[in-house]
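Survey of secondary and tertiary structure
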Amino acid sequence: MTKNNTEFDLIDWIRRHRHLPDGDDVITDIGDDMAVVRLGEERVLITTDMLLENVHFNLGGLARAPVATLEQVGYKAMACSLSDCAAMAAVPLVAVVAVALPHTMSMTDARRINAGLQQAARKYHCPLVGGDTTSWDKPLAINVTMLARTGPTDPVLRSGAQKGDVIMVTGVLGGSGRGKHLEFTPRVPEALALAQMAPIHAMIDLSDGLASDLGHICRESGVSAVLKAGAIPISEAAQTGSDPLSAALGEGEDFELLFCVSPEDAINLMHAWPEKFSLPITQIGSITASSGEHLVSLQQREGLIEPLQIKGWEHKFQA
Ligand code: ADP
Ligand code: MG
């Protein structure tokens, strides 16, 4: 989960200065939802995500955000990485967790966090096989690292979007801060089914927000994108807010799948998908040739197309 523009700059710097060994063991590294590495004859995928109290969840220290249970925190920690597996159309394999417990927390509290982790582990057949527990006089921090194996196809990267592709999304967007961000459903089976049903050119899970995450696809693919404001599926939670469209575009932590397919495959998917899943999929825009500076534009209902300001994800809980 990227947090702000400083971190974008840092990741760019790391990409330029990273050490890559000779040979072809590292297939996909920094810049996608998971890295893909060769292990003997197999390919293994790996991701890590850290959740911080008062940033990614609120245990009561913040007035504005809903208060999470410790079970929800554990569940969310696993679910973020499971969602990255979905983004690659990969099959979750195992996870390890590192927890920094505040001194004020008891063994019962630690067990409640673990119960949430185990709930997600069971549901997605991804056992927690180890970790590290420390304690300190600071808020709760929890980090999950997850391995996955390849699914029905090669891992789906962010970098394969092509001019003319249709941009599609699962589910409904916006309003996650009202509670969904603690209980979202990683779209693992949906991603595996999509990859089986059609060649998915590019895919990402929506953690930073639609505008920002579509920007990641565009940057990695060397293309631009136009979103149709009237087509974006907005959640009921966002509908009741002051600016539903902005919430759907920028709030983040929807953890739905954003993906690009050819126009023919988009038509086929729209037809075949509802026979398998009740979760909606929606066509929300198209991929265009790279237009340089502005990666993502928004077409208003009246037809006017304007560049969309892409901000890095700045969490809603922060003042
Ligand atoms: P996601 O939201 O899918 O977890 P992020 O936005 O956190 O992805 O990260 C974007 C990319 O940058 C990923 O490929 C991730 O592995 C990489 N990345 C993030 N932070 C670092 C870091 N400190 N060092 C190296 N790579 C990083
Ligand atoms: Mg991701």
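For the structure itself, look to the data block above.
Residues numbered from 1 in each chain as written. Chains lettered and ligands numbered in written order. Predicted model: local features only at pLDDT ≥ 70, side-chain atom pairs only at ≥ 80, totals over all residues. Heavy atoms only, no water.

Moving on, we come to the overall build of the chain. For the chain, the helix and strand inventory stands at nine helices and 13 strands. Over its C-alpha trace the chain gives a radius of gyration of 19 Å, about what one expects of a compact globule, namely 20 Å for 319 residues. Over its C-alpha atoms, taken along the principal directions, the chain stretches across nearly 55 × 50 × 45 Å. Counting the 319 residues in the chain, one finds 51% classified as buried. Carbon and sulfur atoms make up 53% of the accessible area of the chain, which totals about 14,600 Å². Put simply, the chain has 25 plus and 39 minus side-chain charges, and the middle of one group is 3 Å from the middle of the other. (Helix = DSSP H or I, 4+ residues; strand = E, 2+ residues; numbered from the N terminus. Rg over C-alpha atoms; globule rule 2.2 N^0.38 Å. Buried < 20%, exposed > 50% of the residue type's maximum accessible area, 1.4 Å probe, protein only. Areas by Shrake-Rupley, 256 points an atom, 1.4 Å probe, with all protein chains shown as cover. Lys, Arg positive; Asp, Glu negative; His and termini not counted. Charge placed at Lys NZ, Arg CZ, Asp CG, Glu CD.)

Within a beta sheet, neighbouring strands are joined by backbone hydrogen bonds and run either parallel or antiparallel to one another. Taking strand neighbours across the sheet as the criterion, the seven strands line up as β8-β10-β7-β11-β9-β12-β13 in an open arrangement whose pairing is mixed. A strand with exactly one partner marks an edge of an open sheet, and here the two such strands are β8 (202-205) and β13 (305-307). Going across the sheet, the axis of each strand differs from the next one's by a mean of 25°, ignoring polarity. When strand β12 (residues 296-299) meets β13, the two strands line up antiparallel, connected through three bridges. Bridged to Ser-297 within β13 is Pro-307. Strands β8 and β10 (257-261) of the sheet are contacted by helix α2 (residues 70-87), whose axis makes an angle of about 170° with β8. (Pairing = 2+ DSSP bridges. Axes fitted to C-alpha atoms, helices over the stretch in contact; angles between N-to-C directions. Contact = heavy atoms within 4.5 Å.)

Bringing the pairing of β12 into the picture now. Across four bridges, strand β9 (residues 223-228) lies against β12 in parallel orientation. Each residue of the ladder has a partner; that of Ala-225, found in β12, is Val-296. Remark: five residues form the turn of the hairpin made by β12 and β13, two consecutive strands paired antiparallel; Gly-303 in that turn has positive phi of roughly 105°.

A cluster of nonpolar residues, Leu-10, Trp-13, Ile-14 and Ile-30, forms a patch on the protein surface that exposes about 350 Å² of accessible area. Mapped onto the elements of the fold, Ile-30 is located in the loop between β1 (26-28) and β2 (35-39). Ile-30 sits in the partly exposed class, given a relative accessible area of 33%. (Patch = residues over 30% accessible without salt bridge, like charges linked within 9 Å, V, L, I, M, F, W, Y side chains within 5 Å. Salt bridge = Lys/Arg side-chain N within 4 Å of Asp/Glu carboxyl O.)

On to the sheet that holds strand β6 (residues 141-150), then. With mixed pairing, six strands are arranged side by side in an open sheet as β1-β2-β3-β6-β4-β5. In the strand order of this sheet, the two ends are held by β1 and β5 (128-136), each with one partner. The average undirected angle you get between the axes of adjacent strands in this sheet is 25°. As judged from the five bridges shared by β2 and strand β3 (residues 42-52), these two strands associate in the antiparallel manner. Across the sheet, residue Arg-38 finds its bridge partner in β3, namely Arg-43. Those strands touched by α2 are β3, β4 (90-102), β5 and β6, and its axis lies near 35° from that of β6. Against the sheet, helix α3 (residues 107-123) contacts β4, β5 and β6, and its axis sits at roughly 155° relative to β5.

A few words now on unusual backbone geometry. The backbone of His-125 sits at a positive phi, close to 50°, despite the residue not being glycine. Even without being a glycine, Phe-255 presents a positive backbone phi close to 55°. Considering the arrangement of structural elements, one finds Phe-255 in the loop between α8 (244-250) and β10.

Time to look at the nonpolar core. General note: in soluble globular proteins, nonpolar side chains tend to be found buried as a group. Counting 59 residues, the largest nonpolar core has Met-78, Leu-117, Leu-140, Ile-142 and Phe-259 as the members making the most contacts within it. For this core, the leading source of residues is α2, giving 10 residues. What Leu-117 contacts, discounting residues up to four positions off in sequence, is Gly-74, Tyr-75, Ala-77, Met-78, Val-97, Leu-128, Ile-142 and Val-144. (Core = buried A, V, L, I, M, F, W, Y, C linked by side-chain atoms within 4.5 Å.)

What the rule picks out here adds up to two aromatic pairs. Residues Phe-184 and Phe-255 carry aromatic rings whose centres are separated by 3.9 Å and whose planes lie at 15° to one another, so their mutual orientation is stacked. Placement of the pair is Phe-184 in the loop between α4 (180-183) and α5 (188-197) and Phe-255 in the loop between α8 and β10, with a sequence separation of 71 residues. You can call Phe-184 buried: its relative accessible area is 1%. You can call Phe-255 buried: its relative accessible area is 2%. Geometrically, the ring pair formed by Trp-273 and Phe-277 is stacked, given 4.3 Å between the ring centres and 20° between the ring planes. Like Phe-277, Trp-273 is buried. (Phe/Tyr/Trp six-rings, centres within 6.5 Å; stacked < 30°, edge-to-face > 60°.)

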